[in-house]
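Chain residues, written in single-letter form:
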Amino acid sequence: PSTMADTSFSVPQGEFDLIRYPPTRDPNLRAWDAADEFMLAHLAEVAAEHSVARVFVVNDAFGALTVGAMAALGEGTDGARVHFVSDSHTATLAMRQNVERNGLPRPTEWGVSADGTWEDVAGGASAEAASGEGIDVVLIKVPKALALLEVELVGLRAAVRDAGVIVGGAMTRDVHGSTVKLFEESLGPTRTTRARKKARLLLSELDPALAPAAPRPSLFELGIGSANLVNLPGVFSARRLDKGTRALLHALPGIADGADVIDLGCGNGALGLAVLLKNPTAQVTFIDASRLAVASAELSVRRAFPDLGRGGSPDPVFRVADCLDGLPGDSADLILCNPPFHQGFDTSIDISIKFVEAMHRHLNPAGICLVVSNIFLPYEKHAAHLFSDCQILEEANGFKIIQFSK
């Protein structure tokens, strides 16, 4: 039997070759699910009855919906007629990989910003510019975090004044009463379809009388001095410091003056902020694939240090990136990480392995990595062939703190 996941994606718009990003060794994980297939089948039905010239695709994890939408618009489609909206830089890279793989142009790319509006990833323009001609179809893949869906639906209202067809989609297990309620409160009347291959659609109509406000960020204590964390909607650990991060905070070493520190997968910036509170001379880089996470980290740091960067202290760096892409190798004195092992609703150790390999490349010979993980995740096994030293510093409450060094 094959050990590779199926890459042949067959929908009414055509047959496409799709792979996940980052690559996976799990043969059960494809670059699409039955909800993507159902949404594109519905798009084909719409296109058979109405002219479809402009499509918005929201939360497309690997590009399956974008590729299908491109093909639905026919030969010679330019990317400007399909709009891809995501908070995730990793999802953006996955989409780019698959449209290129299938000989299609890149769509217009939008990111989700802190106030709920959308930003042109390439040029920073307002998404209102996209709505002038009206949008024929909006395809929204329901994300894992309901708070992220809420901020995206608010952004959709700001960007799309008129949309002929709005289609939400998810696996049936992920469509709850709260999901339908959010569509209704943000967009308008919404009905769900019967399940097909354990997937379900949400079909909404825009109610022009609705004017939903963007959800407010949450604010909670870091537990160091009077510092607070700012958590934008959809960012991990929305209401309180998660247990893994709290465990890693207690294990933080002394920070040398001017140390080069990376908070990898920074979320709301708890770990990097703790470093700066210990030693404001540290050069801290906050990095995450989520634009909202990086914005949260910056808000958290600026709140605690409104004058940071003045008077000789280095200014922290805030980067939206895939893992440690774009940073110099062998440079970090300390890397702190609470690695993700979920991609949307799927669990994948491949993401965690990628983080371990990246940390090895970017750590300087005298530096250390501190990683917190669930006790059952075998990071030590995957790191053993890279790092000369691997120690479990602490195990408690279902978590372990692991220290790696070259």
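Residues numbered from 1 in each chain as written. Predicted model: local features only at pLDDT ≥ 70, side-chain atom pairs only at ≥ 80, totals over all residues. Heavy atoms only, no water.

Chemist: Would you mind going over the pattern of salt bridges with me for this structure?
Modeler: As a working rule, side chains carrying opposite charge can pair if their charged atoms are close by. Inspection of the entire model under this criterion finds 12 salt bridges. One salt bridge connects D174 with R173, and the closest N-O pair in it is separated by 3.6 Å. Judged by its relative accessible area of 10%, D174 falls in the buried class. Among the residues examined, R173 registers a relative accessible area of 54% and is labelled exposed. (Salt bridge = Lys/Arg side-chain N within 4 Å of Asp/Glu carboxyl O. Buried < 20%, exposed > 50% of the residue type's maximum accessible area, 1.4 Å probe, protein only.)

Chemist: What is the right way to read helix α2 (residues 64-72) from this model?
Modeler: Because each turn of an α-helix spans 3.6 residues, side chains separated by three or four positions in sequence point in the same direction. Most of α2 sits out of view: seven of its nine residues are buried. Positive backbone phi, approximately 95°, marks G74, located one or two places after α2. (Helix = DSSP H or I, 4+ residues; strand = E, 2+ residues; numbered from the N terminus.)

Chemist: Is there a simple way to explain the pairing of strand β10 (residues 199-204) in this structure?
Modeler: Walk down a regular strand and you will see the side chains alternate between the two sheet faces. The buried fraction of β10 amounts to five of the six residues, a majority that puts the element mostly inside the structure. Where strand β8 (residues 163-171) lies against β10, six bridges are found, and the strand directions are antiparallel. Bridge pairing links A170 to R200 in β10. Relative to β10, strand β9 (residues 190-192) runs antiparallel, the two sharing three bridges. In the strand pairing of β10, R191 is matched with L203. (Pairing = 2+ DSSP bridges.)

Chemist: Would you mind showing me how to read the packing of helix α6 (residues 243-250) against helix α7 (residues 270-278) here?
Modeler: Describing two packed helices takes the angle between their axes plus the distance from one axis to the other. Two elements in contact, α6 and α7, have axes separated by 10 Å at closest approach and are oriented at 25°. Classified by the angle between their axes, α6 and α7 sit roughly parallel to one another. The way α6 lies across α7 gives a crossing that is right-handed. Together, T245, L248 and L249 of α6 and A270, L271 and A274 of α7 make up the contact between the two elements. Of the residues in the contact of α6 with α7, the class split is five nonpolar, one polar and no charged. (Axes fitted to C-alpha atoms, helices over the stretch in contact; angles between N-to-C directions. Parallel < 35°, antiparallel > 145°, perpendicular 65-115°, else oblique. Left-handed = near helix turned anticlockwise from the far one by under 90°. Contact = heavy atoms within 4.5 Å. Nonpolar A, V, L, I, M, F, W, Y, C, P; charged D, E, K, R; others polar.)

Chemist: What is the right way to read the nonpolar core from this model?
Modeler: What tends to happen in soluble globular proteins is that the nonpolar side chains get buried as a cluster. F9, L18, V55, V137 and L139 are the most contacted members of the largest nonpolar core, which totals 38 residues. Per-element accounting of this core gives the leading share, seven residues, to helix α1 (residues 34-49). Residues L241, L248, V261 and A282 belong to the second largest nonpolar core, which totals 35 residues. (Core = buried A, V, L, I, M, F, W, Y, C linked by side-chain atoms within 4.5 Å.)

Chemist: Honestly, the side chain of S113 in this entry has me stumped. Any pointers?
Modeler: One can find S113 in the loop between β5 (108-112) and β6 (118-120). When neighbours within four sequence positions are excluded, S113 is seen to be in contact with W118, E119 and L292.

Chemist: In this structure, what is going on with the layout of surface pockets? I would like to understand it.
Modeler: Where empty space is left in the structure can be found by rolling a water-sized probe over the atoms. Put simply, the second largest pocket is a space of about 160 Å³. Lining the second largest pocket are K243, R246, A247, H250, E394, E395, A396, N397, F399, K400 and I401. Elements supplying a minimum of two residues to the lining of the second largest pocket: α6, β20 (389-396) and β21 (399-405). A total of four residues in the lining of the second largest pocket trace back to one element, the largest contributor, which is α6. Looking at side-chain class alone, the lining of the second largest pocket contains four nonpolar, two polar and five charged residues. (1 Å grid on protein atoms, 1.4 Å probe; cavity = no way out; pocket = protein on both sides within 12 Å on 5 of 7 lines; lining within 4 Å. Points joined across faces, edges and corners; volume = space filled by probe spheres on them.)

Chemist: What exactly am I supposed to notice about the pairing of β21 here?
Modeler: Counting buried positions along β21 gives seven out of seven residues, so the element sits mostly inside the fold. Here β21 shows two buried faces, one formed by F399, I401, Q403 and S405 and the other by K400, I402 and F404. Alignment of strand β19 (residues 363-374) against β21, held across seven bridges, turns out to be antiparallel. When the bridges of β21 are listed, C369 appears paired with F404. Connecting the antiparallel pair β20 and β21 is a turn made up of two residues, with N397 showing a positive phi of about 55°.

Chemist: How should I be thinking about the sheet that holds strand β7 (residues 135-141) in this particular structure?
Modeler: Two orientations exist for strands paired in a sheet by backbone hydrogen bonds: parallel and antiparallel. Read from one edge to the other, the open sheet built from eight strands follows the order β6-β5-β4-β3-β7-β8-β10-β9, with strand pairing classed as mixed. Two strands lie at the open edges of the sheet, namely β6 and β9, each paired on one side alone. The sheet shows a mean angle of 20° between the axes of neighbouring strands, taken without regard to direction.

Chemist: Mind showing me how you'd approach helix α3 (residues 89-101) here?
Modeler: The terminal C-alpha atoms of α3 lie 18 Å apart, and with 13 residues this matches the ideal 18 Å at 1.5 Å per residue to within 8%. Counting buried positions along α3 gives 10 out of 13 residues, so the element sits mostly inside the fold. Here α3 has its buried residues at H89, T90, A91, T92, L93, A94, M95, R96, N98 and V99. With a side-chain oxygen positioned 3.3 Å from the backbone nitrogen of T90, the residue opening α3 is S88. Remark: G103 follows α3 within two positions and exhibits a positive phi of approximately 65°. (Expected span 1.5 Å × (residues − 1). Polar contact = N/O pair within 3.5 Å; in protein donor to acceptor, adjacent residues only side chain to side chain.)

Treat this as a map of the structure, not an account of what it does.
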